[in-house]
Amino acid sequence: MAVLKRDNPISSSTLNRWMLPLLSILVTIMLVNWGGLPREGIVLFWLGVASIIVMLGLGIFALHKVLQMPAHYITTAKERMALGFVLTLGGVLTMIGGYWDEVWHVKYGLPFGEDLLWRPHQIIYLGLLSISLSAVWAAFKLYRSAKGSLWQRLVSDRALAIIVLLGAFMAYSVPMDPLWHTLYGADISAWSVPHLLLVLCVFLIMLTAIVTLLSALPKRTWQLISSLQLVDMLLILAFAISLSLSLQVFTTEWDATNVIREGSAQAFWQRPEWLLPGVLAFLGIFYAITINQLTRCVGSASLTILLALALRQSLVTGFAYDRLSADMWLLLLAPMMAVDLSYAIYLLRNKEQPQLPMAWLSGLAGSLGLGVISLSLMPRLLIYPRINSSTIPMMLLAIVLGGLYAAYLGKSLGTAGLEVAQKSSNRDSAKANSLWFMTALVISLVFLLFYIVTASPPTHTFGIEG
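Residues numbered from 1 in each chain as written. Predicted model: local features only at pLDDT ≥ 70, side-chain atom pairs only at ≥ 80, totals over all residues. Heavy atoms only, no water.

Trainee: Explain the overall build of the protein to me, please; I cannot follow it from the model alone.
Mentor: Helix and strand counts for the protein stand at 17 helices and two strands. For the protein, buried positions account for 53% of its 466 residues. A separation of at least 24 residues holds for 83% of the contacts in the protein among residues at least 6 apart in sequence. Carbon and sulfur atoms form 67% of the exposed surface of the protein, whose accessible area is close to 21,400 Å². (Helix = DSSP H or I, 4+ residues; strand = E, 2+ residues; numbered from the N terminus. Buried < 20%, exposed > 50% of the residue type's maximum accessible area, 1.4 Å probe, protein only. Contact = heavy atoms within 4.5 Å. Areas by Shrake-Rupley, 256 points an atom, 1.4 Å probe, with all protein chains shown as cover.)

Right under this line is the structure:
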């Protein structure tokens, strides 16, 4: 078996300890600003944003303390597989329900409050409930099986501790949407603070699902996609779900430009034209590098975007709604495949002693794929932004900067996640039968399809389509 040289994750330098967190706070503030500010109560609004950033900081600090503790376990491989499956299924339901909710909102335009219990929300609630139940079970398991103080019980199984912290974060973030509407009114754009929290929550859920599944499997070395196993499809599905929801929230206003031109999102037109390429660069490269580092399988990034594209196109076709498309998913094919190519070149260049590319090299490879291929396709797929000699220089700069930021963040997070999973692996983590879980997933999707097909649309139409 070939020995892999050091993975070159970000060291615990000033860049890792201070620059990336400060940069993340700055990016969050910019996203909130581009999402649109209320006309009244601006001071109260920013106080609300500041409180959320503080709560997130406390959550990250608690997670950091958990990860510093020695690796222990009180669960079996089958229990970890079951937890990872339930978390993944919760993400699937949340993503499909979110898309269905978006279609019905645009099509029927129900005002806030009247959509509380319609079927798209029921699917979302079911997904969130499954995740909540996983956190409750994890807390119960820690209480019954672990010993010592509350903190000692919490850190007795790091995988369970992460799920409990995730459940606490979700309990904080999910009620934020109605509370935010009560305080500040209707959403100005898709980039509202509760939506940003939802994207982060789903990403953390899917990341936790992957780490939990990996902790139930034997430690792995780097391999090609041809060595992919059935259980790896659960890992790919988890990230494809998270990527799809991120694209849905962050790019939907560019996708549905015909709706936006009617004045439904004035804040959208205040955003710079280089922003979309920068967002696509960050999302594509971040997800590509993170999933490669987690699965240690070259080709995982390409499979993730292909699965996400297939899921999106299936939803677009299934709901027969032509105002939303899979164009943004197409634009991420080139950068994510370029990241895979950079990994393949480095790993295959010296088979006896393979070496991984530095984060910035993979980031530049993804940026090159987006800047050359995706940027040239953008005018054919989108009405806006404009692609011309005056906008391209700033777009290319945004692509490179967004790609490098995503590369360092993805490399660090993916490496840390895999380290947690491997240190949490227990001795019986040999061969959990994933066929049962895949069968349960298929049955769940069949039931979901029946639930969607038999749904009746709202009796009153308030929407744009008249």
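Trainee: Mind showing me how you'd approach the nonpolar core here?
Mentor: Most often, soluble globular proteins keep nonpolar side chains buried together rather than apart. Ranked by internal contacts, the top residues of the largest apolar core, which has 132 residues, are Trp-191, Leu-280 and Met-328. It is helix 3 (residues 77–108) that contributes the most residues to this core, 16 residues altogether. For Met-328, the contacting residues outside a window of four places in its chain are Leu-247, Thr-251, Trp-254, Asp-255, Leu-276, Leu-280 and Leu-382. (Core = buried A, V, L, I, M, F, W, Y, C linked by side-chain atoms within 4.5 Å.)

Trainee: Even after reading the chapter, I still don't get the packing of helix 4 (residues 119–145) against helix 6 (residues 158–173), so can you show me in this structure?
Mentor: Helix packing geometry: the angle between the two helix axes and the distance between the axes. Two elements in contact, helix 4 and helix 6, have axes separated by 8 Å at closest approach and are oriented at 135°. As far as their axial angle goes, helix 6 and helix 4 are oblique. Regarding helix 4 and helix 6, the two cross each other, and that crossing is left-handed. On the side of helix 4, the interface is formed by Leu-128, Ile-131, Ser-132, Ser-134, Ala-135, Trp-137, Ala-138, Ala-139, Lys-141 and Leu-142, while helix 6 contributes Leu-160, Ala-161, Ile-163, Val-164, Gly-167 and Met-170. (Axes fitted to C-alpha atoms, helices over the stretch in contact; angles between N-to-C directions. Parallel < 35°, antiparallel > 145°, perpendicular 65-115°, else oblique. Left-handed = near helix turned anticlockwise from the far one by under 90°.)

Trainee: In this structure, what is going on with the packing of aromatic side chains? I would like to understand it.
Mentor: Centre distance and the angle of the planes are the two values used to describe a pair of aromatic rings. Counted under the stated rule, the structure contains 14 aromatic pairs. Taken together, a centroid distance of 5.9 Å and an interplanar angle of 90° make the contact between Phe-203 and Tyr-287 edge-to-face. You can see Phe-203 sitting in helix 8 (residues 193–215) and its partner Tyr-287 sitting in helix 11 (residues 275–295), a full 84 residues away along the chain. Of the two residues, Phe-203 and Tyr-287, neither departs from the other in class, the shared state being buried. Aromatic pair Trp-222 and Tyr-343: ring centres 5.8 Å apart, planes at 35°, arrangement tilted. Separated by 121 residues along the polypeptide, Trp-222 in the loop between helix 8 and strand 1 (223–224) and Tyr-343 in helix 14 (residues 333–349) bring together distant segments of the chain. (Phe/Tyr/Trp six-rings, centres within 6.5 Å; stacked < 30°, edge-to-face > 60°.)

Trainee: Whenever I open this one, the pattern of salt bridges confuses me. Can you help?
Mentor: Pairing between side chains becomes possible if they bear opposite charge and their charged atoms approach one another. Following the criterion strictly, the structure yields three salt bridges and no others. Residues Lys-141 and Glu-79 are paired through a salt bridge, measuring 3.4 Å at the closest nitrogen-oxygen approach. Highlighted residues: Lys-141 in helix 4 and Glu-79 in helix 3, separated in sequence by 62 residues. For Glu-79, a relative accessible area of 22% corresponds to the partly exposed category. Between Glu-273 and Arg-386 there is a salt bridge, and its shortest N-O distance comes to 2.3 Å. Placement of the pair is Glu-273 in the loop between helix 10 (257–264) and helix 11 and Arg-386 in the loop between helix 15 (359–381) and helix 16 (392–424), with a sequence separation of 113 residues. (Salt bridge = Lys/Arg side-chain N within 4 Å of Asp/Glu carboxyl O.)

Trainee: Where do I start with empty space enclosed by the protein in this structure?
Mentor: Taking a probe equal in size to a water molecule and rolling it over the atoms shows the remaining empty space. Applying the stated criterion to the full structure yields one cavity of 30 Å³ or more. By volume, the largest cavity is sized at about 30 Å³. Around the largest cavity, the lining residues are Leu-214, Leu-217, Pro-218, Lys-219, Arg-220, Leu-418 and Gln-422. Looking at the lining of the largest cavity, its residues break down into four nonpolar, one polar and two charged. (1 Å grid on protein atoms, 1.4 Å probe; cavity = no way out; pocket = protein on both sides within 12 Å on 5 of 7 lines; lining within 4 Å. Points joined across faces, edges and corners; volume = space filled by probe spheres on them. Nonpolar A, V, L, I, M, F, W, Y, C, P; charged D, E, K, R; others polar.)

Trainee: Explanation requested: unusual backbone geometry in the structure shown.
Mentor: As a rule of thumb, non-glycine residues mostly have phi less than zero, and peptide bonds are mostly trans rather than cis. Geometrically, the link from Tyr-384 to Pro-385 is a cis peptide bond, its omega value of 10° lying close to zero. Along the chain, Pro-385 turns up in the loop between helix 15 and helix 16. A positive phi angle, close to 55°, is found at Arg-296, a residue other than glycine. Secondary-structure assignment places Arg-296 in the loop between helix 11 and strand 2 (297–298).

Trainee: Looking at this structure, how should I read the confidence of the model for the protein?
Mentor: The predicted coordinates ought not to be read in detail in places where the model reports low pLDDT. On average, the protein scores 79 in pLDDT, and the residues at 70 or more come to 83%. Highest mean pLDDT in the protein belongs to helix 13 (residues 327–331) (94); lowest belongs to helix 10 (49). Low pLDDT, under 50, characterises residues 1–14; the predicted model gives this stretch 33 contacts beyond four residues in sequence or across chains. Segment residues 462–466 is flagged for pLDDT under 50; beyond a separation of four residues in sequence, or across chains, it makes 17 contacts in the model. (pLDDT = per-residue confidence, 0-100.)

Trainee: Just to check I follow, could you spell out the side chain of Ser-342 for this structure?
Mentor: Among the secondary structure elements, Ser-342 is positioned in helix 14. Using a relative accessible area of 10% as the deciding quantity, one classes Ser-342 as buried.

Trainee: Please explain the environment of Ser-246 as it appears in this structure.
Mentor: Here Ser-246 is to be found in helix 9 (residues 230–255). Setting aside anything within four residues of it in sequence, one finds Ser-246 in contact with Val-199, Leu-283 and Tyr-287. Polar side-chain contacts of Ser-246 include one of 3.0 Å to the backbone oxygen of Ser-242. (Polar contact = N/O pair within 3.5 Å; in protein donor to acceptor, adjacent residues only side chain to side chain.)

Trainee: When you look at the packing of helix 11 against helix 14 in this model, what are you seeing that I'm missing?
Mentor: Contact geometry of helix 11 with helix 14 gives a least axis separation of 8 Å together with a crossing angle of 40°. The angle between the axes of helix 11 and helix 14 places the two elements in the oblique class. For the pair helix 11 and helix 14, the sense of crossing is right-handed. Residues Gly-284, Ile-285, Tyr-287, Ala-288, Ile-289, Asn-292 and Gln-293 of helix 11 form the contact with helix 14, whose participating residues are Met-336, Val-339, Asp-340 and Tyr-343. Here the contact of helix 11 with helix 14 is built from residues that sort into seven nonpolar, three polar and one charged.

Trainee: What is the right way to look at the environment of Phe-140 in this model?
Mentor: Tracing the backbone through its elements, the reader meets Phe-140 in helix 4. Classification of Phe-140 by relative accessible area gives partly exposed; the value is 46%. With 24 residues separating them along the chain, Phe-140 and Val-164 place their C-alpha atoms 9.8 Å apart.

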